[in-house]
Amino acid sequence: MTIHHIVLYKFKPEATPEQRQSVKDSAAALASQIPAIQSLVSGETVFNPLGHGYDAEYALGVIFLFESVVKLNEYRPHKAHLDYQAFSAPYIEDKLIFDIETA
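The model shown is predicted, which means the values in this text are computed figures rather than measured ones.

Caption draft 1: A look at the packing of aromatic side chains. If you walk through the whole model with that rule in mind, you get 4 aromatic pairs. For the pair Phe 66 and Tyr 75, a centre-to-centre distance of 5.0 Å together with 50° between the ring planes defines the contact as tilted. A relative accessible area of 0% places Phe 66 in the buried class. Using a relative accessible area of 2% as the deciding quantity, one classes Tyr 75 as buried.

Caption draft 2: Region of interest: the side chain of Lys 10. Considering the arrangement of structural elements, one finds Lys 10 in strand β1 (residues 2-11). Of the residues examined, Lys 10 reaches a relative accessible area of 18% and is grouped as buried.

Caption draft 3: Main features of the nonpolar core. Formed by 22 residues in total, the largest nonpolar core has its most connected members in Ile 37, Phe 64 and Phe 66. At the level of elements, β1, α1 (17-33), β3 (60-66), α3 (69-75) and α4 (79-88) are the ones that each hand at least two residues to this core. When near neighbours in sequence (up to four residues on either side) are disregarded, Phe 64 contacts Ile 3, His 4, His 5, Val 7, Ala 27, Leu 30, Ile 37, Ser 39, Leu 40 and Tyr 75.

Caption draft 4: Up close: α1. The end-to-end C-alpha separation of α1 is 24 Å, in line with the 24 Å expected for 17 residues at 1.5 Å each. Within α1, the full set of buried residues consists of Val 23, Ala 27 and Leu 30. The buried residues of α1 all sit within an arc of 45° when viewed along its axis, so they share a single face. Pointing more than 90 degrees away from the buried face of α1 are the exposed residues Pro 17, Glu 18 and Ser 32. Against β1, β2 (39-44), β3, α4 and β4 (92-102) lie the buried residues of α1.

Rules and cut-offs
Residues numbered from 1 in each chain as written. Predicted model: local features only at pLDDT ≥ 70, side-chain atom pairs only at ≥ 80, totals over all residues. Heavy atoms only, no water. Phe/Tyr/Trp six-rings, centres within 6.5 Å; stacked < 30°, edge-to-face > 60°. Buried < 20%, exposed > 50% of the residue type's maximum accessible area, 1.4 Å probe, protein only. Helix = DSSP H or I, 4+ residues; strand = E, 2+ residues; numbered from the N terminus. Core = buried A, V, L, I, M, F, W, Y, C linked by side-chain atoms within 4.5 Å. Contact = heavy atoms within 4.5 Å. Expected span 1.5 Å × (residues − 1). Arc of directions from axis to C-beta.

So, in structure tokens, the structure goes:
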């Protein structure tokens, strides 16, 4: 079974484009820092990129893949993950996190 750990980010209004990009780049770097991550993809919403509606509020999404819940649970307390959370927190207003298991 594969675990899809989906994180949607709502940035604070004052977050600059450079800060937003830094959050995205730092999330992508986690794959090389945390062995439990099987792979990840990230990107900005394409449905409504002009800033209207719910999907525009959560403008960045990251999908992490883990081979099991055990691996997901290894990731959560990992120092690189905790450092990333501390680094990105000043720019993030809210996050939606959704984990699903697929065959």
